[in-house]
Amino acid sequence: MEGNHEKARVRLCYLCNQRRAALKRPKTLEQICRECFYEVFEEEIHQVIVKNQLFKPGERIAIGASGGKDSTVLAYVLSELNRRHNYGLDLFLLSVDEGITGYRDDSLETVKRNELQYGLPLKIVSYKDLYGWTMDEIVKTIGLKNNCTFCGVFRRQALDRGAALLKVDKLVTGHNADDIAETVLLNILRGDIARLSRCTSITTGEDGPIPRCKPFKYTYEKEIVIYPYGYGVKFPWIFFIAYCISLLSVSYW
Ligand SMILES: [Zn+2]
């Protein structure tokens, strides 16, 4: 009897109905346990990959790795799914070093750790090698204003150059559902109809040299933030603060 009373007080997981619910899932608001969260998080990404036929066996895939939470979780999940479901992919980490002291050098350390942790070969392409200058030098010349435009355009091109050097078939990026929603709003505000129709595609640039795809297209940012803490995926401390802030808005374990 005592045991039944105890069970009645404890909210059980909505999915397995066995273990204690540990969080309210941001995507569905279901109260679920830790184990089920990891399972559905990874399974949904696997389903997105399969349904959209993102990869073919034997393909070489570069993961655009910035050292941030999205690309770090993407590298981990993709290498796990590749092993678990025998995708037969050759995975690589690809990073761009813009030459921004105190910013990129820290995040590149995270990517170098990922290289060792996940056993994925890493290629770093630098602005200095590709273009002959660093972002620090650009800022000295043109000042702080407008340098984001420079950086965005050159970063995109640098990723393409790095992908060509690695001779990969596709480049995957960690853009998530929140990023895509943001891009949609920006394109509506700008009235950019051509980009508006393109920006929600899971694969882009199929007519160009290297197609890009977004396996996290349907993944919520809040879930990417909480995912690593059960697996000890290492992040710079700033992401731990982001994690703590997210705890304030949704109830987790
Ligand atoms: Zn469960």
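You'll find the protein chain entered in an unreviewed UniProt entry as tRNA(Ile)-lysidine/2-thiocytidine synthase N-terminal domain-containing protein, with Salix suchowensis given as the organism.

**Student:** Would you explain the overall build of the protein chain in this entry?
**Tutor:** The helix and strand inventory of the protein chain stands at eleven helices and eight strands. Here the protein chain holds 253 residues, and the buried ones make up 29% of them. Partitioning the intrachain contacts of the protein chain with sequence separation of at least 6 by distance along the chain shows that 67% fall at a separation of at least 24.

**Student:** Sorry if this is basic, but what is going on with the confidence of the model for the protein chain here?
**Tutor:** Detailed reading of predicted coordinates is not advised where the pLDDT is low. For the protein chain, mean pLDDT is 84; residues scoring 70 or higher make up 83% of the total. Between residues 249-253, whose pLDDT stays under 50, and residues either more than four places distant or in other chains, the model counts eleven contacts.

**Student:** What should I look at first to understand the nonpolar core in this one?
**Tutor:** Nonpolar side chains in soluble globular proteins tend to end up buried together. Counting 39 residues, the largest nonpolar core has Ala62, Ile63, Phe92 and Leu94 as its most contacted members. Among the elements of the structure, α2 (34-51), β3 (60-64), α3 (69-84), β4 (90-97), α6 (135-142), α7 (147-165), β6 (170-172) and α10 (221-226) are those that each provide at least two residues to this core. Here Ala62 is in contact with Phe92, Leu94, Ala163, Leu166, Val168 and Leu171, once residues within four sequence places are set aside. Residues Leu23, Cys33, Cys36 and Phe41 belong to the second largest nonpolar core, which totals eight residues.

**Student:** Got a minute to help me understand the packing of α2 against α3 in this structure?
**Tutor:** Pairs of packed helices are described in terms of their axes, by the angle between the two and the distance that separates them. Between α2 and α3, whose axes approach to 11 Å, the crossing angle comes to 70°. The orientation of α2 with respect to α3, classified from their angle, is roughly perpendicular. Contacts between α2 and α3 involve Glu42, Ile45 and His46 from the former and Val77, Glu80 and Leu81 from the latter. Its residues assigned to classes, the contact of α2 with α3 comprises three nonpolar, one polar and two charged.

**Student:** Is there a simple way to explain the pairing of strand β5 (residues 122-126) in this structure?
**Tutor:** Regular strands have side chains that alternate between both faces of the sheet. In this structure, β4 lies alongside β5, joined through five bridges in parallel fashion. By the bridge assignment for β5, Ser95 is matched with Ile124. Crossover connection from β4 via helix α4 (residues 104-118) to parallel β5: handedness right-handed.

**Student:** I keep staring at unusual backbone geometry and nothing clicks. Help me out?
**Tutor:** For residues that are not glycine, phi is negative in most cases, and the peptide bond is trans in most cases. Despite not being glycine, Asn17 shows a phi value in the positive range, around 55°. Among the structural elements, Asn17 can be located in the loop between α1 (2-9) and β1 (23-24). Classification of Asn17 as exposed rests on a count of 10 C-beta atoms within 10 Å. Backbone geometry places Asn86, a non-glycine residue, at a positive phi of 50°. Within the secondary structure, Asn86 sits in the loop between α3 and β4. On the basis of neighbour counts, which here come to 9 C-beta atoms within 10 Å, the residue Asn86 falls in the exposed class.

**Student:** Please explain the pairing of β3 as it appears in this structure.
**Tutor:** Within β3, four of the five residues are buried, leaving the element largely enclosed by the surrounding structure. Here β3 runs beside β4; their pairing, made up of five bridges, is parallel. Following the sheet pairing, Ile61 is matched in β4 by Leu91. In this region the chain leaves β3, passes through α3 and returns to the parallel neighbour β4; the handedness of that crossover is right-handed. Of the pairings in the sheet, the one linking β3 to β6 comprises three bridges and is parallel in character. Bridging across to β6, Ile63 finds its partner in Val172.

The rules behind the values
- Residues numbered from 1 in each chain as written.
- Predicted model: local features only at pLDDT ≥ 70, side-chain atom pairs only at ≥ 80, totals over all residues.
- Helix = DSSP H or I, 4+ residues; strand = E, 2+ residues; numbered from the N terminus.
- Buried ≥ 20, exposed ≤ 12 C-beta atoms within 10 Å, placed from the backbone.
- Contact = placed C-beta atoms within 7 Å.
- pLDDT = per-residue confidence, 0-100.
- Core = buried A, V, L, I, M, F, W, Y, C linked by C-beta atoms within 7 Å.
- Axes fitted to C-alpha atoms, helices over the stretch in contact; angles between N-to-C directions.
- Parallel < 35°, antiparallel > 145°, perpendicular 65-115°, else oblique.
- Nonpolar A, V, L, I, M, F, W, Y, C, P; charged D, E, K, R; others polar.
- Pairing = 2+ DSSP bridges.
- Right-handed = clockwise from strand over helix to strand, strands pointing away.

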